[in-house]
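Results of the structural survey
Each chain, letter by letter, is given below.
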Amino acid sequence: TRDWSSDVCSSDLKKWLLVLVVVAALCMSCSLFGTPDYVGTWSATLASGAVVTMVFEETTFSVTVVGTDTYVITGDLAESTTEGDLDATITGVSQAGTALSAAQMTAFLAANSLTAAQTFTVSVTGESMTISGALLLALTGATSITAAAA
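Residues numbered from 1 in each chain as written. Predicted model: local features only at pLDDT ≥ 70, side-chain atom pairs only at ≥ 80, totals over all residues. Heavy atoms only, no water.

This part is about a negative patch on the surface. On the surface, Asp37, Glu57, Glu58, Glu79 and Glu83 cluster together into a patch of negative charge. For Glu79, the position within the fold is in strand β4 (residues 70-79). Take Glu79: its relative accessible area is 45%, and that puts it in the partly exposed class. (Patch = residues over 30% accessible without salt bridge, like charges linked within 9 Å, V, L, I, M, F, W, Y side chains within 5 Å. Areas by Shrake-Rupley, 256 points an atom, 1.4 Å probe, with all protein chains shown as cover. Salt bridge = Lys/Arg side-chain N within 4 Å of Asp/Glu carboxyl O. Lys, Arg positive; Asp, Glu negative; His and termini not counted. Charge placed at Lys NZ, Arg CZ, Asp CG, Glu CD. Helix = DSSP H or I, 4+ residues; strand = E, 2+ residues; numbered from the N terminus. Buried < 20%, exposed > 50% of the residue type's maximum accessible area, 1.4 Å probe, protein only.)

Written as structure tokens, this is what we have:
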């Protein structure tokens, strides 16, 4: 029988181990092998007194705004090709606990100068997320919201 161990030099193994460590470190910093940093429940109380609760999963979201009126906006979510952006498609709107019909949802979006296609710009640092987008501006009047992990 042949002793294969002599065919591989230990310095070769060290080089390959270093390559594997670098690749693993790079993958840990991206969402390919982990949960994206925006996933979770985030909450903020605005100067107006309105409370905004946002729940982001990897492919869906919901935004609840409790103020003068109560709105719940739900939809589909995808990471954008632009760093820090999330592409969203609004699929449902509830006002004061009542789901709006498709026609009512279209009218609601139009009345707020919105379309079903939205973009959120998101930055997460530790337990804090800063988010902006036309949807949040229309519902709260805030150009951006800094929310804490709930």
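Further notes follow.
Here we take up the environment of Thr64. Position of Thr64 relative to the elements: it lies in strand β3 (residues 60-66). By relative accessible area, Thr64 is classed as partly exposed at 22%. Between the C-alpha atoms of Thr64 and Val52, which are twelve residues apart in sequence, the distance is 5.6 Å. Apart from the residues lying within four places of it in its own chain, the contact partners of Thr64 are Val51, Val52, Thr53, Tyr71 and Val72. (Contact = heavy atoms within 4.5 Å.)

Time to look at the nonpolar core. Among the nonpolar cores identified, the biggest contains 34 residues, and Met54, Phe56, Phe61, Phe120, Met129, Ile131 and Ile145 are the most heavily contacted of them. Broken down by element, the residue count for this core peaks at four residues, all from strand β5 (residues 85-95). (Core = buried A, V, L, I, M, F, W, Y, C linked by side-chain atoms within 4.5 Å.)

To continue, consider the pairing of strand β2 (residues 51-56). Because side chains alternate across β2, one face comprises the buried residues Val52, Met54 and Phe56, and the other comprises Val51, Thr53 and Val55, none of which is buried. Where strand β1 (residues 40-45) and β2 come together, six bridges link them in antiparallel fashion. Looking at β2, one finds that Ser43 is bridged to Thr53. Between β1 and β2, which pair antiparallel in sequence order, lie five residues; one of them, Gly49, sits at a positive phi of approximately 95°. (Pairing = 2+ DSSP bridges.)

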